[in-house]
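Each chain, written out:
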Amino acid sequence: MSYISPDLHPEPARRATVLQRVKSATVEPSFFALLIIILGVPFAILAQLRGLFGLLTTPARVFNPIAWLHIVLFELLNPTHWRDLALQAAFPSILKISDSTWAYVKKPLLEQADGIVLEVGPGDGQSIKYYDSKKIKHLYLLEPFEALHAPLKAALHAASSGAGAEKGASNKGHKASPSECLESKATILSAGVQDLDILAKNGIREESIDTVVLVQVLCSIPDPKEHIKVILSYIKPGGKLIMFEHVRSAHPLTRAIQAAWTPLWRFMAKGCEMTRPSGAWVSEIGGAQWERQSHEGPLLRPTVEHDGELLPHDVAVFVKAKRQ
Ligand SMILES: C[S@@+](CC[C@H](N)C(=O)[O-])C[C@H]1O[C@@H](n2cnc3c(N)ncnc32)[C@H](O)[C@@H]1O
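This is a predicted model, so every value here is computed, not measured.

1. Here's the deal with helix 7 (residues 224-233)
Here is step 1: Looking only at helix 7, the buried set comprises Pro224, Ile228 and Ile231. Angular distribution of buried residues about the axis of helix 7 spans 60°; they occupy a single face of the element.
Here is step 2: Buried residues in helix 7 make contact with strand 2 (115-120), strand 5 (209-215) and helix 9 (278-286).

What follows is the structure, encoded as structure tokens:
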């Protein structure tokens, strides 16, 4: 197994110009905030009105004070509910922009997934088109945000029928045979990494997984170090972890800007934190378990990135050592 690419390197990121630094610190995060407002807020208003209309037109509920209390407290006056509705509408577009930016890095990485695969936090399924379905025995998709399950299922269907084959996709122009059909080999779990019972019930236990896939998800999981430990324990000896994560910057000024954005960003992006050194954590927590780390170094980064990026990436394929 190898992962050689001129698009990645193990060196520290090159120095940003002042203009690049200002653009990364202000324009880029503001653009995502604006997308959530433009795409998400009209949808959220309509959804809230639909909920209110449903209450007003249901005789059994309209005179029920508990039903009113619920809708007022948990929906109309609940900022988290507004945020979730807005994200339901805006997230797919945001994830698509991110995917098209990084497709050239993700495709050769994700094509390496084989055997029993667990993708943590697949979102609306941007990764699905890169999988080589012939290599995959079963695909577990662990996605707690249920609003994304419909587009996730659609992505599986498109990958299986070949209809949605996009530029760069492994399945381009190809109709899947039954043995290649990813849709029939996939299980979507409405759970997070912390839902150990649900995972265990579905057969995800210690040393049960051949490939774990983490694409921009460690930023969002609770109690990350503990759960990275759990995730690593699922990998069989000889199995691998494919990682493409945005992480804490190595540059002190950029780190300070990441920290300043984090409270608002965490709310907007449903728990996502810019300040986690996720790649280093995976490397350290795995420690001696890792047979070798990537091809050219422990952690690689896209060559295009500079040290002013608020979302710089760590890219790696870690392989768990076989037992002697
Ligand atoms: C930034 S999105 C990335 C989605 C996708 N991996 C991509 O790159 O297009 C983070 C994803 O992690 C999911 N997530 C959040 N908390 C999680 C948890 N505790 N366990 C598993 N997934 C989680 C979110 O619902 C979301 O889909």
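2. Remarks on the site of the ligand
Here is step 1: Every one of the 23 residues lining the ligand counts as a neighbour, but Gly121, Gly123, Phe145, Gly192 and Ser220 are closest to it.
Here is step 2: Grouping the amino acids of the shell around the ligand by side-chain chemistry returns 13 nonpolar, 8 polar and 2 charged.

3. A closer look at the UniProt feature "transmembrane region" (unreviewed entry) in the chain
Here is step 1: Per the UniProt record, "transmembrane region" (unreviewed entry) is annotated on residues 31-53.
Here is step 2: For residues 31-53, helix accounts for 100% and strand for 0%, while the C-alpha atoms at its two ends are 33 Å apart.

4. Some details on the environment of Leu182
Here is step 1: In this fold, Leu182 is placed in the loop between helix 5 (149-161) and strand 4 (186-189).
Here is step 2: Between the alpha carbons of Leu182 and Leu139 there is a distance of 7.7 Å; along the sequence they are 43 residues apart.
Here is step 3: Not counting residues within four places of it along the chain, the set of residues in contact with Leu182 comprises Ile128, Tyr131, Ser133, Ile136, Leu139, Leu156, Ala159 and Ser160.

5. Thoughts on the pairing of strand 6 (residues 235-246)
Here is step 1: Extensive coverage of strand 6 is indicated by the burial of 9 of its 12 residues.
Here is step 2: Crossover handedness for the path strand 5 to helix 7 to strand 6: right-handed.
Here is step 3: Looking at chain direction, strand 6 and strand 9 (residues 313-320) are connected through 7 bridges and run antiparallel. In the sheet register, Phe244 faces strand 9, and the bridge partner there is Val315.

Scoring rules and cut-offs
- Counting of residues starts from 1 at the beginning of each chain's written sequence and follows it residue by residue.
- For a predicted model such as this one, the threshold for reporting local features is a pLDDT of at least 70, and the threshold for listing and counting side-chain atom pairs is 80 or more; totals across whole chains, interfaces and linings nevertheless cover every residue.
- The exposure scheme places C-beta atoms from the backbone and then counts, for each residue, the other C-beta atoms within 10 Å of its own, assigning buried at 20 or more, exposed at 12 or fewer, and partly exposed in between.
- Secondary structure elements follow DSSP: runs of H or I of four or more residues count as helices, runs of E of two or more count as strands, with numbering from the N terminus.
- Regarding the arc, it is the one traced by the directions from the helix axis to the C-beta atoms.
- The contact rule is simple: place each C-beta atom from the backbone, and if two of them lie within 7 Å, those residues are in contact.
- Near residues are defined by distance alone, with the backbone-placed C-beta atom required to lie within 6 Å of the molecule or strand.
- Think of it as three bins: nonpolar holds Ala, Val, Leu, Ile, Met, Phe, Trp, Tyr, Cys and Pro, charged holds Asp, Glu, Lys and Arg, and polar takes everything else, Gly as well.
- UniProt positions are given in the numbering used here, feature names are shortened, and annotations may be inferred rather than shown by experiment.
- The crossover handedness rule: strands pointing away from the viewer, path from first strand over the helix to second strand clockwise, crossover right-handed.
- Note on pairing: two strands pair once DSSP finds at least 2 bridges between them.

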